[in-house]
Amino acid sequence: MSREAPLSFWVLIPARRASSRLPDKPLADIAGQPMILRVAEVAARSGATRVAVATDDAQIAAVVERAGFDAVMTETHHQSGTDRLAEACSRLAAPADQLVVNLQGDEPLMPAETLGRIAQALSRHPWASVSTAVTPIHSLDEFHNPSAVKAVVSGRGEALYFSRAPIPYLRQPALEQPGPLPHEPRALRHLGLYGFRAGLLPGFVQWGPSPLERTEQLEQLRWLEHGHSICVVELESPPPAGVDTPEDLERVRAVWARRAL
């Protein structure tokens, strides 16, 4: 009886030194290691066949390489992590059909198995160019919060639209009051985790920001506006939040301290 071959996927980690809210964020210490190495360790546990950090900073690259991980130097002008990933894939000579999972460099608490699920979803849906994740929304406060990006998904697990607006729209007046959301229609929050087919990334960069993308300030809408399909993995609960602020960093440090007990 033959065994199914392990899925081949890469995890690429875009990392920039500049951060207005938390300077030198990728190098911030978490239990004796720079945050970017904590993130790379997560990627290494995911089952990825290659892990690399894509950065425009020589010091970040040096830290990564001294720890035994790959680093690829990229240009400084990129407007998004996806643009940086496209250049990294080119520099790493990624085959067109290579599955690449994008893990942000400020996600040291991301469950490693979630990265594998993102890659598996793209592998199992050949019609999709991109895979991503959602999680259920349970409260009206979150549903109406523009910082919580909502997703509408088809019956076969394909993203129909993403918005900062509360979608699907609930017409019932009673639902305008604070409280739990109904079970149907289900409201889903989009999570910023993506899997890509490497050969499609150059096209994404060349298109430039699309009208809906500029309106909603949501990069994933560029794929939909150009006719590409995004398959969606539903997670039972969201992964722990990443690090954007000094308060976030202290929260993550506290988690690591508890792990050491």
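None of these values were measured; they are calculated from a predicted model.

Draft legend 1. Summary view of helix 4 (residues 112-124). Along its 13 residues, helix 4 runs 19 Å from first to last C-alpha, staying within 8% of the 18 Å computed at 1.5 Å per residue. Looking at helix 4, one finds that the buried residues are Ala 112, Thr 114, Leu 115, Gly 116, Ile 118, Ala 119, Ala 121 and Leu 122. Those residues of helix 4 that are buried lie in contact with strand 1 (9-15), helix 1 (35-44), strand 6 (99-102), strand 7 (130-136), strand 10 (188-197) and strand 11 (230-234).

Draft legend 2. The confidence of the model for the protein, seen in detail. Per-residue pLDDT for the protein averages 88, and the proportion of residues at 70 or more is 91%. The spread of mean pLDDT over the elements of the protein runs between helix 5 (residues 140-144), the lowest at 87, and strand 9 (residues 159-163), the highest at 97.

Draft legend 3. Quick look at unusual backbone geometry. In this model, Ile 167 is joined to Pro 168 through a cis peptide bond whose omega is -5°. Assignment of secondary structure puts Pro 168 in the loop between strand 9 and strand 10. The phi torsion at Ala 93 lies on the positive side, around 55°, for a residue other than glycine. Structurally, Ala 93 can be placed in the loop between helix 3 (81-91) and strand 6.

Draft legend 4. Just the pairing of strand 10, in detail. Strand 10 sits mainly inside the fold: eight of its 10 residues count as buried. Both strand 6 and strand 10 contribute to a ladder of four bridges, which runs antiparallel. By the bridge assignment for strand 10, Asn 102 is matched with Tyr 194. Here strand 8 (residues 150-153) runs beside strand 10; their pairing, made up of two bridges, is antiparallel. In the strand pairing of strand 10, Ala 151 is matched with Leu 188.

Draft legend 5. Representation of the environment of Arg 38 within the structure. Mapping Arg 38 onto the fold places it in helix 1. The class for Arg 38 is buried, based on a relative accessible area of 11%. Excluding residues within four positions of it along the chain, Arg 38 makes contact with Ile 30, Ala 31, Gly 32, Gln 33, Pro 108 and Trp 256. Engagement of the side chain of Arg 38 in a polar contact is seen with the backbone oxygen of Ala 31, the distance being 2.8 Å.

Draft legend 6. Structural context of the pairing of strand 1. Of all the seven residues making up strand 1, seven are buried; the element is thus mostly covered by neighbouring parts of the structure. Note: strand 1 against strand 6, four bridges, orientation parallel. By the bridge assignment for strand 6, Phe 9 is matched with Leu 99. Here six bridges tie strand 1 to strand 4 (residues 50-55), and the two strands are oriented parallel to one another. Looking at strand 4, one finds that Leu 12 is bridged to Ala 52.

Draft legend 7. Layout of the packing of aromatic side chains. Tallied over the full model, the rule gives five aromatic pairs. For the pair Tyr 194 and Phe 196, a centre-to-centre distance of 5.8 Å together with 15° between the ring planes defines the contact as stacked. A residue is classified by how much of its surface remains accessible, and Tyr 194, at 11% relative accessible area, is buried. The class for Phe 196 is buried, based on a relative accessible area of 2%. Three or more aromatic residues link up through ring pairs in this structure, and these residues are Tyr 194, Phe 196, Phe 204, Trp 207 and Trp 223. Above the face of the Trp 127 ring, Arg 156 is positioned so that its terminal group lies 4.2 Å from the ring centre. Here Arg 222 stacks its cationic end above the ring of Phe 204, 4.0 Å away from the centre of that ring.

Draft legend 8. Highlighting helix 2 (residues 58-66). Within helix 2, the full set of buried residues consists of Ile 60, Ala 61, Val 63 and Val 64. Buried residues of helix 2, viewed axially, fall in a sector of 160°; they line one side. Exposed and facing more than 90 degrees away from the buried side of helix 2 are Ala 58 and Arg 66. Looking at the buried side of helix 2, the elements it contacts are strand 1, strand 3 (33-34), helix 1, strand 4 and strand 5 (70-73). Where helix 2 starts, the residue carrying a side-chain oxygen 3.0 Å from the main-chain nitrogen of Gln 59 turns out to be Asp 57. Phi turns positive, to about 95°, at Gly 68, one or two residues after helix 2.

Definitions and limits used
- Residues numbered from 1 in each chain as written.
- Predicted model: local features only at pLDDT ≥ 70, side-chain atom pairs only at ≥ 80, totals over all residues.
- Heavy atoms only, no water.
- Helix = DSSP H or I, 4+ residues; strand = E, 2+ residues; numbered from the N terminus.
- Expected span 1.5 Å × (residues − 1).
- Buried < 20%, exposed > 50% of the residue type's maximum accessible area, 1.4 Å probe, protein only.
- Contact = heavy atoms within 4.5 Å.
- pLDDT = per-residue confidence, 0-100.
- Pairing = 2+ DSSP bridges.
- Polar contact = N/O pair within 3.5 Å; in protein donor to acceptor, adjacent residues only side chain to side chain.
- Phe/Tyr/Trp six-rings, centres within 6.5 Å; stacked < 30°, edge-to-face > 60°.
- Lys NZ or Arg CZ within 6 Å of the ring centre and 35° of its normal.
- Arc of directions from axis to C-beta.

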